[in-house]
Each structure stands twice: as structure tokens, then as C-alpha cells.
Amino acid sequence: MVYDDTTIIIPTFNEEKNIGKLLKKLKQILPKAKIIVSDDGSRDRTQEIAVEKGAILLDRKRKPVHGLTVSVLDAIIKCKTDFFVVIDADFQHPPEKILEVVGKLRSGKDLIIGNRVKIQGEWGFLRLLISRTAFYMGYLRLIFKKFPKYDLVSGFFGGKTKLAKEIALHNQKKFELRGYKVLFDLLKYMPNTTKVDKVDYEFGLRTKGDSKLSKKIMFYYFRSMFK
Ligand SMILES: Nc1nc2c(ncn2[C@@H]2O[C@H](COP(=O)(O)OP(=O)(O)OP(=O)(O)O)[C@@H](O)[C@H]2O)c(=O)[nH]1
Ligand SMILES: [Mg+2]
């Protein structure tokens, strides 16, 4: 399989230590898949490396709003293939699992959630508490949605482009654009008939580059409950 029906979306901010290696790996496992690096004006060599390695660069440096969610939405809107898959640049999501995600989309599912079943390394009490709280808050917000409640705040997911594009274009104002939980925002506005499935994976450790997770991001998520 050549995967020319798939676009891989990688949101980046200062990921020069990871992006080259990830793009090389993706080329090996999914030749001919399109790859969009949606970069928010990194101050390191991320953009240069992305172009060098043959990815399509979405340079968001001069955009009025920066953030992970809006970067992913912009990329989905630009997507021309039947399917898309969103993956972080820092190898916390295993690239090989994209094959399973695409396999399920090809067999007719609409949205596939990367579902963390195990977390590598030791998460402190606080991070675990925040993660569980985020899940249950999201669960309650989506309680009336008929689809299964997998890892609702996962950064690793894939979908049918047409459906996600429609939702992104019609609800963009309601999305928490600077937030991190683009999947959750999409789920809020997905019709009840959406066929949701999951692919289990082990959440890795960031070994290179810096985390961008901050208290502000948690605030954005909390606020997104009420939209
Ligand atoms: N375009 C864009 N990408 C971002 C932004 N913030 C983070 N990213 C990217 O989004 C992905 C996830 O960010 P991380 O900082 O790894 O967040 P996390 O995985 O929740 O946190 P860690 O477990 O600490 O790594 C990475 O590929 C980042 O480079 C942003 O504001 N804009
Ligand atoms: Mg990370």
C-alpha cells in the first residue's frame, strides 16, 4: 500500500530535534502519504528541516492566532486526501500505529481515536490527576453523544477529511483555537451518527525538545466545556 489517500498532519513548535527523524520514519512506513507540517513560527530549524525532508510546510508565523488547535484545523482545511491523521512531532505517538488508523478509516469508520492504554515512565500524581480530571470532564460534556468515549483528549487521531473539514469550517469560532484538545472540540460538533473507533497505543516519553504544555492550556480546555 502506498498511502496516497492519506495526509499526516504534524503540528510543530520548535521541534528541530525531532522533526527530521520523524519525517524519515514516516517516509519509510507510508511512502507517498502527504505530510503537512503545521508550524507556528518556530525559532529553530524546524521549518527548514521540514522542507528539506519533503513535507508540505504550512508556515503560520504571520497568522493572527497561534496555537495547536488552530494549526491542526488549518491543516485539515488544506487537506486534499480522503483521510488524515494527526500525530505529535516528539515520538510520544508511535508512527507505525498510523497504519492501523488508516486501515480502519478505509474499512468505513469516520473517526479513529488513538487510545492511550499505557503510559511509559512515571507520571507524577499531579499530572495523573489532571489527565483523569480532563477525561471525566470531557466525558460529562459528551455524555449525550452516542459514540464511545475513548481517549477524548488524545492528540493522536485520524478521520475522514470531508467530515472533519465540514465540522471545522462550520464551527471554527466555537473551537478553543489556542488550546490543545482539537479532538475534543471536533467530537463536540460531530453528529451522533459518526462511526468512532479506536487504536490502542502506548504513550511514550518526550526524549528531545521541550514540552509546551502550560497552565494556560488547561484553562482553555476548562473553558471549552461550556462552548
Ligand atoms: N503549531 C503548533 N504546534 C504546537 C503548539 N504547541 C505545541 N505544539 C506541537 O504539538 C505537539 C504536542 O505538544 P507537546 O508540547 O509535546 O505537548 P504534550 O505531548 O501534551 O506534552 P509533553 O508530554 O510534555 O510532551 C508537538 O508536536 C508540539 O511541537 C503550538 O502552539 N502550535
Ligand atoms: Mg509531547
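Criteria and cut-off values
Residues numbered from 1 in each chain as written. Chains lettered and ligands numbered in written order. Predicted model: local features only at pLDDT ≥ 70, side-chain atom pairs only at ≥ 80, totals over all residues. Helix = DSSP H or I, 4+ residues; strand = E, 2+ residues; numbered from the N terminus. Rg over C-alpha atoms; globule rule 2.2 N^0.38 Å. Buried ≥ 20, exposed ≤ 12 C-beta atoms within 10 Å, placed from the backbone. Contact = placed C-beta atoms within 7 Å. Core = buried A, V, L, I, M, F, W, Y, C linked by C-beta atoms within 7 Å.

## Description of the overall build of the protein
When helices and strands are tallied, the protein shows 8 helices and 7 strands. For 227 residues, the compact-globule formula gives about 17 Å, and the C-alpha radius of gyration of the protein, at 16 Å, lands near that figure. Taken along its principal axes, the extent of the C-alpha atoms in the protein is 45 × 40 × 35 Å. Burial analysis of the protein (227 residues in total) assigns 41% to the buried set. Here the analysis covers contacts within the protein between residues at least 6 apart in sequence; of these, 79% occur between residues at least 24 apart.

## Some points on helix α7 (residues 182–189)
Because the α-helix completes a turn every 3.6 residues, residues three or four places apart line up on one side. Burial analysis of α7 places 7 of its 8 residues in the buried class, which makes it a mostly covered element. Of the positions making up α7, those classed as buried are Val182, Leu183, Phe184, Asp185, Leu186, Leu187 and Lys188. Among the structural elements, α3 (68–78), β5 (111–119), α5 (125–141), β6 (157–160), α6 (161–171) and α8 (215–224) are those in contact with the buried residues of α7.

## Topic: α3
The buried count for α3 comes to 9 of 11 residues, which makes it a mostly enclosed element. Among the residues of α3, Leu68, Thr69, Val70, Ser71, Val72, Leu73, Asp74, Ala75 and Ile76 are the ones counted as buried. Packed against the buried residues of α3 are β1 (6–12), β2 (34–39), β3 (56–59), β4 (83–86), α6 and α7.

## A look at the nonpolar core
Considering soluble globular proteins, one finds that nonpolar side chains tend to be buried as a cluster. Residues Ile8, Ile9, Ile35, Ile76 and Val85 are the most contacted members of the largest nonpolar core, which totals 56 residues. Ranked by the residues each element gives to this core, the list is headed by α3, at 6 residues. Look past the residues within four positions of Ile8 in its chain and what remains in contact with it is Leu26, Leu30, Ala33, Ile35, Val85, Ile87 and Ile98.

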